[in-house]
Structures are given as C-alpha cells and as structure tokens.
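Structural description and commentary
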Amino acid sequence: MRRTRLAHAGVAALLMIGGWTAAGTLPASAHDAPDSPTARAADPAPASAGMMEAMQRDFGLTRAEAEDRLAAEREATDLAPKARKTAGSAYGGAWFDAKSEKLTVAVTPEADASTVRSLRASGAAVRTVEHSARTLDAAKSRIDRLDAPSGVSSWSVDPTANTVVVNVVEGQKADNDVRSFVAKAREAGPVTVRTVGAQAETFAAGTVGGDPYYTGNVRCSIGFSVHGGFVTAGHCGGVGSQVRGWDNSYIGNFQGSSFPENDYAWVNVGSGWWTVPVVLGWGTVSDQLVRGSAEAPIGASICRSGSTTHWHCGNVLAKNETVNYSQGAVRQMTKTSVCAEPGDSGGSFISGDQAQGVTSGGWGNCSGGGETWHQPINEILNRYGLTLHTA
C-alpha cells in the first residue's frame with residue numbers, strides 16, 4: 001500500500017512537495033555556469049498542460065502569454081551571470097521585468113560605453129544607478145552584524161531601488177529598539193525602510209494525520225530528492241531526529257541540519273522508501289520532473305508546493321535577504337510573494353523544471369496573502385556535498 005501511494009501523493013515523502021512555477025522561470029539557485037551543482041538541460045522540455053493552466057490561472061495570462069513569459073525567463077536566467085561578468089565592478093544588480101520580458105541590468109556611471117553596448121547587444125535593458133552591487137552588499141553585511149529586535153522582519157539588497165531595504169513590522173516602526181536599529185542600519189550605507197504585515201515565522205506545524213513527514217510532533221514538507229535522501233528545512237528537526245512518512249512508517253534520520261543562521265537539512269532515505277526527481281502537483285497541476293537548479297532572477301515567476309496549502313505561485317522579490325525569526329536570524333534567503341502556512345516548511349520552490357529552494361517561513365497565509373522565504377537549493381547541495389536527483 002505504501003508503494004502504491006508513493007507513486008502519487010507519497011512521492012511527497014521522498015520527493016518533495018514542490019511546486020512548479022513557470023518552466024521558464026528558472027530557479028533561484030542555479031544556472032548553466034561551471035560552478036552550478038546541476039546545469040539545466042540545453043533544450044528544456046515544454047511546460048506540461050497542468051503547469052500552463054496554473055500559470056494562466058495565477059498570473060492572469062493567456063496560454064500564448066504564458067509560453068512567451070517562460071521563454072523570456074529562461075533567456076534572462078541564462079543571461080544574468082554573463083551580464084554580471086560583462087559589467088564588472090560597475091555591476092549594480094539585475095532583475096527580470098515582466099512587462100518588457102527582459103533582464104534589466106543596473107550599472108554605475110563608471111561603466112563605459114562599450115560595456116553598455118555589449119549588455120544591450122546581449123538582449124538586456126540597462127539602467128544607470130548610483131551604487132554598485134558591491135557597495136550595497138557591503139552595507140547589508142554590516143547590518144547583518146547588528147542585533148535586530150523582533151519588530152524588524154528582514155533586510156536585503158533591492159537592486160530595483162538601488163538600496164538596502166529594511167522591513168519593519170507594521171505598527172512597530174516607532175518602537176525605540178526598532179528606531180535604534182534603523183538608525184544604526186542607515187550608518188551602514190544606503191537604506192530604505194518599508195513596512196510589512198507581520199513578523200516572519202517558520203511554517204512547521206503540529207502533527208496532522210496523512211501528511212508528508214513527521215519528526216516528533218512536528219509536521220513538515222519534503223523538499224527535493226537528492227541521491228540518498230531529500231533536503232528540507234533545518235528548523236524541522238536536528239541531527240539524528242527520526243523521520244516518519246505519511247503512513248507513519250520510518251523513512252530515515254536527519255543527517256545534517258542547521259537553524260538558525262541557516263535553515264536547511266537533509267534526511268537519508270531507506271526502509272522501502274526511495275527518491276524520485278518529481279515535485280507533486282497535488283492534483284492542481286501535473287507532477288513536475290526536476291531537471292536542474294538554475295537560478296531565477298528577481299522578478300521571475302516561481303511556485304511552491306507544500307503539504308498544507310499545496311500549489312501556489314508568485315514572483316521572486318529579493319535575494320540574499322536576512323530574515324529575523326524569533327529563534328534568530330537566517331541569512332542568504334530568497335523572498336517571494338508566494339503564500340504559505342504551517343506545515344509547508346521544507347517544501348519545494350521550483351521554477352519550471354528547475355529546483356529553487358526549500359520553504360523556510362514568512363508572514364501571512366494563503367487566504368489573505370503574505371510573503372515567504374526559501375533557502376536556495378544550491379547552497380544546501382554545496383554545504384552537504386549532495387547531488388540533486390534529476391530526470
């Protein structure tokens with residue numbers, strides 16, 4: 001019986017309950033560069049019918065518009081690392097613009113005319129900005145060393161605004177500790193303060209029968225299959241913690257786990273369970289094969305699959321964001337506009353057939369909306385020396 005379900009919803013236990021996102025939306029973590037743990041296939045498989053339906057539903061697109069956007073996002077993902085190299089020290093960041101369907105590359109005034117011509121010739125749009133990515137990254141690193149109060153939700157570099165954005169919980173902007181943190185953050189470099197609806201929280205949940213996996217009385221979602229096991233969120237269990245599947249049978253144990261500072265882990269698989277390169281569609285869209293881990297740029301579409309809310313999509317909002325959970329700060333996260341709820345922790349973020357990362361936490365829910373962060377998949381693969389299981 002267990003093997004029968006595994007071929008379907010049970011794949012969740014070994015696979016990850018991921019989401020699909022746009023086939024052209026490349027994941028937030030990999031690209032066809034030599035240092036990429038898993039390169040994308042040269043000729044991506046066409047998006048499944050279920051995936052196209054989901055894109056049309058969640059983004060309000062026609063089928064032709066969805067196909068065009070996926071193709072444009074694939075091109076932007078391939079172009080992003082090359083554009084960064086071309087811009088050199090003048091590089092100010094890059095993002096995918098859904099309206100123009102182009103990668104926009106920011107450069108400082110030091111970029112010479114030949115550099116700008118090369119970028120435009122490659123198909124990118126070019127915007128001149130005041131601060132380089134190096135300057136903004138340095139400012140963000142200085143803020144990382146500060147002790148953030150609970151009223152500060154997160155902070156990251158926003159290349160579209162050419163600043164470091166500090167997100168403060170609505171209603172706590174006037175708090176003395178928050179004001180002190182913001183003042184110190186402004187000393188670190190260019191900073192803009194924005195408000196968010198609530199404090200970031202992880203998305204683990206108490207045990208509920210029939211869901212993907214459990215550790216103790218905590219339910220989480222499986223992320224991506226790797227050779228020998230699967231990756232998931234670190235806050236779901238510590239090293240050695242036993243993992244049980246949807247049918248309460250033993251799967252394996254946490255072999256590595258890090259939280260806070262990071263939020264990733266991996267679990268070995270055995271006892272009749274096996275790994276497959278698939279992300280569950282939960283009947284909303286077709287199950288999606290995983291073919292690589294190419295990184296989607298800011299602005300690209302992305303989807304998430306989890307054991308509580310199943311399949312939801314949105315856009316990449318920020319990268320390398322530091323999230324201030326009550327348990328401590330977690331760094332190098334990717335923020336998205338995709339919603340999530342308790343129990344979705346550890347589940348997959350995917351763009352097309354490219355793995356992006358595992359769900360960490362966020363604020364809001366899938367009724368009223370919110371934001372969610374994921375830990376990039378390539379960082380996890382590199383940290384533990386794992387190989388993504390691909391089709």
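All of these numbers come straight from a predicted model, not from anything done at the bench.

This brings us to the overall build of the protein. Scanning the protein from terminus to terminus reveals 8 helices and 23 strands. For the protein, the proportion of its 391 residues judged to be buried stands at 59%. Taking all contacts inside the protein whose residues are at least 6 apart in sequence as the whole, residues at least 24 apart take part in 68%.

For the pair helix α4 (residues 63–87) and helix α5 (residues 113–121), interaxial distance at closest approach is 10 Å and the crossing angle is 170°. By the criterion of interaxial angle, the relationship of α4 to α5 is roughly antiparallel. For the pair α4 and α5, the contacting residues are Ala-83, Thr-86 and Ala-87 in the first and Thr-115, Ser-118 and Leu-119 in the second. The residue inventory of the contact of α4 with α5, partitioned by class, reads 3 nonpolar, 3 polar and no charged.

Turning our attention to the sheet that holds strand β3 (residues 125–128). One open sheet accounts for 3 strands, arranged β1-β2-β3; its pairing is mixed. Every interior strand has two partners, whereas the edge strands, β1 (91–97) and β3, have only one. Recorded for the sheet is a direction-independent mean angle of 25° between the axes of neighbouring strands. The pairing of β1 with strand β2 (residues 102–107) spans 6 bridges and is classified as antiparallel. Looking at the pairing, Tyr-91 lines up with Val-107 of β2.

Another aspect to go through is the pairing of strand β20 (residues 328–336). The buried fraction of β20 amounts to 7 of the 9 residues, a majority that puts the element mostly inside the structure. Here strand β19 (residues 310–325) hands over to β20 after 2 residues, the two strands then running antiparallel side by side. Looking at chain direction, β20 and strand β23 (residues 369–376) are connected through 3 bridges and run antiparallel. The residue of β23 that forms the bridge with Thr-334 is His-374.

Time to look at the pattern of salt bridges. A complete count under the given rule lists 11 salt bridges for this structure. Arg-291 is the partner of Asp-353 in a salt bridge, and the nearest nitrogen-oxygen pair spans 3.6 Å. Linking Asp-353 in the loop between β21 (348–351) and β22 (354–365) with Arg-291 in the loop between β17 (288–289) and β18 (301–306), this pair joins segments that are 62 residues apart in sequence. Of the residues examined, Arg-291 reaches a relative accessible area of 26% and is grouped as partly exposed. With its nearest N and O atoms 2.6 Å apart, the salt bridge here joins Glu-295 to Lys-319. Pair noted here: Glu-295 is in the loop between β17 and β18 and Lys-319 is in strand β19, with a separation of 24 residues, a long-range link. One connected set of salt bridges, linked through shared partners, spans Lys-140, Asp-144, Glu-261 and Arg-331.

What counts, and at which threshold
- Residues numbered from 1 in each chain as written.
- Predicted model: local features only at pLDDT ≥ 70, side-chain atom pairs only at ≥ 80, totals over all residues.
- Heavy atoms only, no water.
- Helix = DSSP H or I, 4+ residues; strand = E, 2+ residues; numbered from the N terminus.
- Buried < 20%, exposed > 50% of the residue type's maximum accessible area, 1.4 Å probe, protein only.
- Contact = heavy atoms within 4.5 Å.
- Axes fitted to C-alpha atoms, helices over the stretch in contact; angles between N-to-C directions.
- Parallel < 35°, antiparallel > 145°, perpendicular 65-115°, else oblique.
- Nonpolar A, V, L, I, M, F, W, Y, C, P; charged D, E, K, R; others polar.
- Pairing = 2+ DSSP bridges.
- Salt bridge = Lys/Arg side-chain N within 4 Å of Asp/Glu carboxyl O.

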